Amino acid sequence: PTCRRPTPLPEDSISGLQPAFHIHHLFEIRVALEKVEKVKGSQKPQCDKCKKRDAANFCRNCQFICARCTETHRDWPELSDHEVISLSQLKGDVTQLVPPTKRPVHCSKHPSKESDLLCETCEELICRDCIVRDHRDHQYDLISAAFPKHKEVLTDCLQPVK
C-alpha cells in the first residue's frame, strides 16, 4: 500500500483487498488512447458495447460506441446525461477520455458522508470523519486544492503512453 503501513490479508484471500482504482483507471485511459491512435490512422475501433460494428462515436461514460448503439444510447432516459462526441471531434486529448464527474464521491467507510478530502499520506479519498479516526496525523487537503498537483503527475505518467 502507498500508506506504507502493513495490510493484513483478508480471510477470503486477496479478493477481499480494496481495488486500486487509480491504477485500473490509468489502464482504461491507456486502452482508450490506443483506440484514439487507430482513429488518427484512419482505422476505426470496435464498438465497446455490441462488439459487432466499428465505433462512430465516443461516450465519455461508456467508451466507444457504434451508430446503432448510439441511437439506443440516446433513447434511454437513464443515459441522457452522458456526453457523446463523434470520432472526428476526438483529438486524443486525455481529458476527453476521462468520464465526467457529476455525482459526489461518497466515503467508502462512511457512505452517508461525501469524500471531500484527499489523504496525501495514504493517497485515498476521505471524509472529515475519517480524519478523526484513521488519518489523524496524516497530511490531507481538499480535493479541489490537491487536483492540480495530481493532474500534473498523472499527465507525466501518461506521456510514455502517448
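Criteria and thresholds
Residues numbered from 1 in each chain as written. Predicted model: local features only at pLDDT ≥ 70, side-chain atom pairs only at ≥ 80, totals over all residues. Heavy atoms only, no water. Helix = DSSP H or I, 4+ residues; strand = E, 2+ residues; numbered from the N terminus. Buried < 20%, exposed > 50% of the residue type's maximum accessible area, 1.4 Å probe, protein only. Contact = heavy atoms within 4.5 Å. Areas by Shrake-Rupley, 256 points an atom, 1.4 Å probe, with all protein chains shown as cover. Pairing = 2+ DSSP bridges. Axes fitted to C-alpha atoms, helices over the stretch in contact; angles between N-to-C directions.

## A closer look at the overall build of the chain
Here comes step 1: Scanning the chain for helices and strands turns up five helices and six strands.
Here comes step 2: Taken over 162 residues, the chain has a buried fraction of 29%.
Here comes step 3: The contacts of the chain with a sequence gap of at least 6 include a subset with a gap of at least 24, amounting to 36%.
Here comes step 4: Entry remark: accessible area of the chain is about 11400 Å², with carbon and sulfur atoms responsible for 53%.

## Things to note about the sheet that holds strand β3 (residues 84-86)
Here comes step 1: Overall, antiparallel pairing links the three strands, which are arranged β2-β1-β3 in an open sheet. Every other strand in the sheet has two partners, leaving β2 (63-65) and β3 as the edge strands with one partner each. Averaged over all neighbouring strand pairs, the angle between strand axes comes to 30 degrees, with direction disregarded.
Here comes step 2: Of the pairings in the sheet, the one linking strand β1 (residues 57-59) to β2 comprises three bridges and is antiparallel in character.

## Remarks on the sheet that holds strand β6 (residues 140-142)
Here comes step 1: Within the open sheet, the three strands sit side by side as β5-β4-β6. Their pairing is antiparallel. Whereas interior strands pair on both sides, the edge strands pair on one side only; in this sheet they are β5 (124-126) and β6. Each neighbouring strand pair of the sheet contributes to a mean axis angle of 35 degrees, computed without reference to strand direction.
Here comes step 2: One ladder, built from three bridges, connects strand β4 (residues 117-119) with β6; its direction is antiparallel. Bridging from a neighbouring strand, C119 pairs with Y140 of β6.
Here comes step 3: Along the sheet, helix α5 (residues 143-158) makes contact with β4, β5 and β6, crossing β6 at roughly 105 degrees.

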